[in-house]
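Okay, here's what each chain looks like letter by letter:
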Number of protein chains: 2
Amino acid sequence: MDIVDRAERARPDFEAAIGSEWVLDGEVLAREFSDPYDNLEQPRSRGSYVLQPGNVEEVREIVRIANEHKVPLWTGSQGRNNGYGGSAPRLAGSIIVNLRRMNRVLEVNETFGYAVVEPGVSFAELNAHLIENGYALWTDVPDLSWGSVIGNTLEHGVGYTPYGEHADQVCGMEVVLPDGDLVRTGMGAQANSRNFHTHPRGFGPRLDQMFMQSNFGIVTKMGLWLMPRPEAWRAVWIHCETDESCYQLIDAIRPLLMDRTITNRVTIMSLMAVVPTQSVKKDWHEGKEPVNDEVRAIMRERFGLGNWNARIGLYGTPELMDVQQRLIEQAIAHIGGARLVAREYPGDARVEDVFPPDQAMAGIPNMDLLNFLNWYGFEHTGHVAFAPISPLTGDDGRTLHNILERHCGQGLGRDFGEAFALTARSMQLFALVLYNAGDTNDIDRTFEATAAMIRETAALGYGEYRGHLEFMDLIAEQFDFNDHAGRRLNQRLKDALDPNGILSPGRQGIWPTAFRPASGALTTARPPLPAAAAADAD
Amino acid sequence: MDIVDRAERARPDFEAAIGSEWVLDGEVLAREFSDPYDNLEQPRSRGSYVLQPGNVEEVREIVRIANEHKVPLWTGSQGRNNGYGGSAPRLAGSIIVNLRRMNRVLEVNETFGYAVVEPGVSFAELNAHLIENGYALWTDVPDLSWGSVIGNTLEHGVGYTPYGEHADQVCGMEVVLPDGDLVRTGMGAQANSRNFHTHPRGFGPRLDQMFMQSNFGIVTKMGLWLMPRPEAWRAVWIHCETDESCYQLIDAIRPLLMDRTITNRVTIMSLMAVVPTQSVKKDWHEGKEPVNDEVRAIMRERFGLGNWNARIGLYGTPELMDVQQRLIEQAIAHIGGARLVAREYPGDARVEDVFPPDQAMAGIPNMDLLNFLNWYGFEHTGHVAFAPISPLTGDDGRTLHNILERHCGQGLGRDFGEAFALTARSMQLFALVLYNAGDTNDIDRTFEATAAMIRETAALGYGEYRGHLEFMDLIAEQFDFNDHAGRRLNQRLKDALDPNGILSPGRQGIWPTAFRPASGALTTARPPLPAAAAADAD
């Protein structure tokens, strides 16, 4: 029996468990709970229907029913994993479990600086909750603030304040296991714990990270540390004219991150990562070819930008930030053409008083990046994220940029945005690659180029931080130490925790035995995903 | 067949695998690879013999042989887990696997600030390696520097620089699984990775923390981030006269840790945590009763200490530290009798120029704490660690101190040392409780008092950070959310990864099915551990 049939047979049980008004399909499934950047007429894969449970007990009941019917679920929090496949599942016909209804901020503790949230709470909602209730705490937001705090964190998502590594801010989770059991991690494994959200490790192994980028459980609650609102903060931009000066800047910033003169997640954005958030292509030139150097020069002047633009945040007393800023100025003095611009704000600045490009450094929600999708003026624009990790050096930056330029600029003939997001020792190159989602051929070309970049960067020793549905197997395939020992371990854990394989099979390339495709399928870049062939084992 | 018999039957295979000269027993087993603080004539549990493999392949071979013979191993790195049971196993007759021979510093990278070490490398050895080779990097050391960097880190051990949370500095491990398979975590799962020790997360779940405080694998290699040597650093001590001023200090320091004015792991030590490292009891008074207030007053004056003494480290340029120190002075201005003393050192100060109590703040190896064992002048002194975690408030400090005073001071009539080790939101109370290890009755009374404190603090919502062999089951028992769901999950993972249960059964209360004792045994505080009864299932 195929997945679609099983899903249909299970539907009445789900309706009885959570109420039929929370079982959605048809237009809303296609519009809201699929991949919004896929070809809408020929989607790669789509779920059978959507379940929206209202509480933890309903999530547990859903999991129990799925085990009975041996039908796969595909879980999302807000369901906005866009650029990586949105809400669409790996296996067509899977039942989408969407947790938007579980949207309570369960607790905010100002003394200890933490919030406890359910999966439906978005960054914008958490931010609004803090402001409305007068908490002197900041959120840390990713580029788009409509996403789920939990969903983003589970996917190793990042923001741009000193709390920008979201995975590192997690303190205490509640998780529904694939068999419906309910665990709390860390100190929360003690029922009356005073330490659940103040101390990250309990007695025995800490398992929080095991539930991130995996399909081992459904996280229904998470404690997340929040940054105390500083007395003041300063947005320090460094604009570089040339690619080479950007690479010099990367090397100059590394020691300042390592010694914690700079504590936020610094981002260095290409000109074309900024301009399309504030204008469209035809404002600048006719035609579809990538913008040339002449146009770039006009853009730089118009926006006061460089070809590369670093965004650094400083936090604390003005006196402290003065010292830190001087150290930064000294460190970049040797970089020809580097221009530093700083703006200072009080910690409680009103949003409307903060220059929009500075907002991310203070964890202020923003949606400007969505404008990117209007750049080409397609009726339906898609984008796919490509995000390799490298050591934090200018040489690695050059290598990655050149690969991107060759495949996207020269190969696809596209404009594309790039941003290096820095930790003290590594960086992610985020690349925004746009395509015409109304044109299957254009989608295919773009995905083929992305697959080629994944292979090429892997051959050089780089690895992806996160991947689109389409590339999860391809990326996992690159992690090849000892005959893919890492994948074998993940799959062994998967089978132990989820013997029927019902929870998000295939996520991050982790397949349960029950739904494991033939090994040849794992390296294919863009076949239509098999709906049920693999499930016939049952 | 019992464990001892199985071990004997397996011995020739182990000898063939690693060479009979690396299979140790007799006097060296008793002296070096047991619990040094146990009664030496009537030890609670002791291994059959010791295996010292020389490399990863030998570790894999040992694990394979143990599976064949279904005999439990008990792994230690340096084997100095003293205060928690030393090298002794949970199940008497287990084979001790000691990794001291694997003592290479495999790599040091100054650009990215990391070292890659094998399990036999001690903190003192890593520190010496850095100094000898002129690397401008610091170690972060725990109180005793003879322990293994890997061993301490796997047990959630801590030090006192800004890199004091050792578990958070881990980047990339190599692990032998219980079936002999070999995995690398994070980016290292890619064979040619450039990111193994610079970026902590790979694609899919991050499993490093799953291998800490567990028995799911043997870590044979670990990348650990090291702090770049600062231009200068400053030891800032705050001496408090009374217990109440200590609790006020805890509340005053919390905001400075949360906003990262202070970045090191601050420790607040009781007078009696310091004095016994530099003198013995009979220097101060005759008799065995705890030191009284009169003696304390003399001690304070002699050493220039308070009843409580906070140790804060500042790092960077003198200008930066001036600003930070002023913020600290402002924050403690309201605390009556609090006295601040600061000493500044260049980043590359010679060890002999650093006041010994300041050394930990710069990650300088030190063994002074061992002097503690001479305090009472017993021929054979033992100590047991008691280390509950609490939220970072003065009220919690008072509660924990009072429990300790009641059980150890009044109940046992002992002197005991205390130290609060702070993170931004939580603290560990480390208590050093001494006993006469030549007197079984004294051992038993001390362990009974410790068990009582574990139960009493758990009832109030505190949890232990780490536990002595004797208390692992008792502590695990306190983690009772949803009918001990956390323990059930750990045990399910254990059985999946280690079906024969050969790897350190019982560690942290995680028992494989193959060696799981009857549930009644789990809450008993100090029975002699069963040698083989539980293993008869086979």
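Fair warning: this is a prediction, and the values are worked out from it, not measured in the lab. (Residues numbered from 1 in each chain as written. Chains lettered and ligands numbered in written order. Predicted model: local features only at pLDDT ≥ 70, side-chain atom pairs only at ≥ 80, totals over all residues. Heavy atoms only, no water.)

Relative to chain B, chain A is turned by 180 degrees and slid 0.0 Å along the rotation axis, the superposed coordinates differing by an RMSD of 0.0 Å. This pairing of chains is accounted for by a two-fold axis. For chain A, the smallest separation between a C-alpha atom and the rotation axis is recorded for Ala-496 of chain A, amounting to 2.9 Å. Comparing interface residues between copies, 100% of those in chain A also sit at the interface in chain B, which points to an isologous, same-surface contact. (Least-squares fit on C-alpha atoms with pLDDT ≥ 70 in both. Contact = heavy atoms within 4.5 Å.)

Residues and elements named next belong to chain B. Taking 1.5 Å as the rise per residue, helix 10 (residues 394-411) with 18 residues should run 26 Å; its terminal C-alpha atoms sit 24 Å apart, in good agreement. Of all the bends in helix 10, the greatest, near 30 degrees, is centred on Glu-405. Listing the buried residues of helix 10 in full gives Gly-394, Asp-396, Gly-397, Leu-400, His-401, Ile-403, Leu-404, His-407, Cys-408 and Gly-409. Once helix 10 ends, the next one or two residues include Gly-413, with phi positive near 65 degrees. (Helix = DSSP H or I, 4+ residues; strand = E, 2+ residues; numbered from the N terminus. Expected span 1.5 Å × (residues − 1). Bend = angle between axes of the 7 residues up to and from the residue. Buried < 20%, exposed > 50% of the residue type's maximum accessible area, 1.4 Å probe, protein only.)

What follows deals with the side chain of Glu-165 of chain A. Position of Glu-165 of chain A relative to the elements: it lies in the loop between helix 5 (149-154) and strand 8 (170-176). Aside from chain neighbours lying at most four places away, what touches Glu-165 of chain A is Val-158, Arg-265 and Thr-423 of chain A together with Arg-201 of chain B.

Another aspect to go through is the sheet that holds strand 8 (residues 170-176) of chain B. Residues and elements named next belong to chain B. Strands sit in the order 5-6-10-8-9 across an open sheet of 5 strands; the sheet is antiparallel. The open sheet terminates on both sides in strands that have one partner only, identified here as strand 5 (105-109) and strand 9 (182-184). Neighbouring strand axes in the sheet, compared pairwise and without regard to direction, differ in orientation by 10 degrees on average. By the bridge criterion, 4 bridges tie strand 5 to strand 6 (residues 114-117) in an arrangement that is antiparallel. Residue pairing across strands places Asn-109 opposite Tyr-114, the latter belonging to strand 6. Lying on the sheet, helix 3 (residues 56-69) is in contact with strand 8, strand 9 and strand 10 (218-225); it crosses strand 8 at an angle near 50 degrees. Helix 4 (residues 123-132) contacts strand 5 and strand 6 of the sheet and is inclined by roughly 50 degrees relative to strand 5. (Pairing = 2+ DSSP bridges. Axes fitted to C-alpha atoms, helices over the stretch in contact; angles between N-to-C directions.)

This brings us to helix 13 (residues 481-497) of chain A. The end-to-end C-alpha separation of helix 13 of chain A is 24 Å, in line with the 24 Å expected for 17 residues at 1.5 Å each. A maximum bend of about 35 degrees is found in helix 13 of chain A at Arg-488 of chain A.

At a closest axis distance of 10 Å, the pairing of helix 13 of chain A and helix 13 (residues 481-497) of chain B adopts a crossing angle of 125 degrees. Comparing the axis directions of helix 13 of chain A and helix 13 of chain B gives the class oblique. Considering how the two elements wind past one another, helix 13 of chain A and helix 13 of chain B form a crossing that is right-handed. In contact with Leu-489, Arg-492, Leu-493, Ala-496 and Leu-497 of chain A of helix 13 of chain A, helix 13 of chain B contributes Leu-489, Arg-492, Leu-493, Ala-496 and Leu-497 of chain B. For the contact of helix 13 of chain A with helix 13 of chain B, the per-class residue count stands at 8 nonpolar, no polar and 2 charged. (Parallel < 35°, antiparallel > 145°, perpendicular 65-115°, else oblique. Left-handed = near helix turned anticlockwise from the far one by under 90°. Nonpolar A, V, L, I, M, F, W, Y, C, P; charged D, E, K, R; others polar.)

Another point: the interface of chain A and chain B. Facing the 95 residues of chain A at the interface are 95 residues of chain B. Of the roughly 8000 Å² buried between chain A and chain B on both sides combined, carbon and sulfur atoms contribute 58%. The largest contributions to the chain A side of the interface with chain B come from Phe-203, Arg-425 and Phe-481 of chain A, which together make up 12% of the buried area. The salt bridge involving Arg-201 of chain B is made with Asp-168 of chain A; its shortest N-O contact spans 3.3 Å. Joining chain A to chain B, the criterion identifies 52 residue pairs in polar contact (both at pLDDT 80 or more). Where the side of chain A that touches chain B is concerned, the elements lending two or more residues are strand 9 (182-184), helix 6 (243-258), helix 9 (318-332), strand 17 (388-391), helix 11 (440-459), strand 20 (463-464), helix 12 (472-478) and helix 13 of chain A. Take the side of chain A that touches chain B: its biggest share by element is 11 residues, from helix 13 of chain A. Broken down by class, the residue content of the side of chain A that touches chain B amounts to 43 nonpolar, 29 polar and 23 charged. (Buried area = accessible area lost by both parts, 1.4 Å probe. Salt bridge = Lys/Arg side-chain N within 4 Å of Asp/Glu carboxyl O. Polar contact = N/O pair within 3.5 Å; in protein donor to acceptor, adjacent residues only side chain to side chain.)

Turning next to the pattern of salt bridges. In a structure, side chains of opposite charge can pair up when their charged atoms sit close to one another. In this structure the tally under the stated criterion is 72 salt bridges over all chains. Its salt-bridge partner being Arg-44 of chain A, residue Asp-35 of chain A comes within 3.7 Å of it at the nearest N-O pair. Take Asp-35 of chain A and Arg-44 of chain A: they sit in the same class, and that class is buried. Measuring nitrogen to oxygen at the nearest pair gives 2.7 Å for the salt bridge that ties Asp-498 of chain B to Lys-494 of chain B. For the pair shown, Asp-498 of chain B and Lys-494 of chain B are each scored as buried. Among the charged side chains, a network of salt bridges with common partners joins Asp-35, Asp-38, Arg-44 and Glu-470 of chain A.

Its identity is not glycine, yet Ser-504 of chain A carries a phi of approximately 40 degrees, on the positive side. Mapped onto the elements of the fold, Ser-504 of chain A is located in the segment after helix 13. Taking the relative accessible area as the measure of exposure, Ser-504 of chain A reaches 2% and is therefore buried. The phi dihedral of Asn-482 of chain B falls on the positive side, at around 50 degrees, and the residue is not glycine. Structurally, Asn-482 of chain B can be placed in helix 13. According to the relative accessible area criterion, Asn-482 of chain B is partly exposed, its value standing at 26%.

Our next topic: the sheet that holds strand 1 (residues 23-24) of chain A. All names here are of chain A. Spatial ordering of the open sheet is given by 1-2-4-3, a layout of 4 strands whose pairing is mixed. Two strands bound the open sheet, and with one partner strand each, they are strand 1 and strand 3 (73-76). Here 2 bridges tie strand 1 to strand 2 (residues 50-51), and the two strands are oriented antiparallel to one another. The residue of strand 2 that forms the bridge with Leu-24 is Val-50.

It is worth spelling out the packing of aromatic side chains at this point. Scanning the entire structure with this criterion turns up 21 aromatic pairs over all chains. A ring pair is formed by Trp-233 of chain A and Tyr-345 of chain A, whose centres lie 4.6 Å apart and whose planes are at 25 degrees; its orientation type is stacked. Within this pair, whereas Trp-233 of chain A is found in strand 12 (residues 232-240), its partner Tyr-345 of chain A is found in strand 15 (residues 339-346), the two being separated by 112 residues in sequence. Of the two residues examined, Trp-233 of chain A and Tyr-345 of chain A, each falls in the buried class. When the ring of Trp-138 of chain B is compared with that of Trp-233 of chain B, the centres are 6.0 Å apart and the planes differ by 90 degrees; the resulting orientation is edge-to-face. Of this pair, Trp-138 of chain B sits in strand 7 (residues 137-138) while Trp-233 of chain B sits in strand 12 (residues 232-240), and the two are 95 residues apart along the sequence. Of the residues examined, Trp-138 of chain B reaches a relative accessible area of 8% and is grouped as buried. (Phe/Tyr/Trp six-rings, centres within 6.5 Å; stacked < 30°, edge-to-face > 60°.)

Within the element layout of this structure, Tyr-465 of chain B appears in the loop between strand 20 (463-464) and helix 12 (472-478). The contact partners of Tyr-465 of chain B, leaving out residues within four places of it in the chain, are Gly-202 and Phe-203 of chain A together with Tyr-84, Glu-155, His-156, Gly-157, Gln-213, Ala-387, Ile-389, Gln-428 and Phe-430 of chain B. Within the structure, Tyr-465 of chain B has its side chain in polar contact with the side chain of Arg-466 of chain B (distance 2.9 Å).

Okay, the confidence of the model for chain A next. Residue and element names in this part refer to chain A. Predicted confidence across chain A gives a mean pLDDT of 94, with 96% of residues reaching 70 or more. Below a pLDDT of 50 lies the segment residues 520-538, which in the model reaches 39 contacts outside its immediate sequence neighbourhood of four places, other chains included. Quick note on the complex model: pTM equals 0.95, ipTM equals 0.95. (pLDDT = per-residue confidence, 0-100.)

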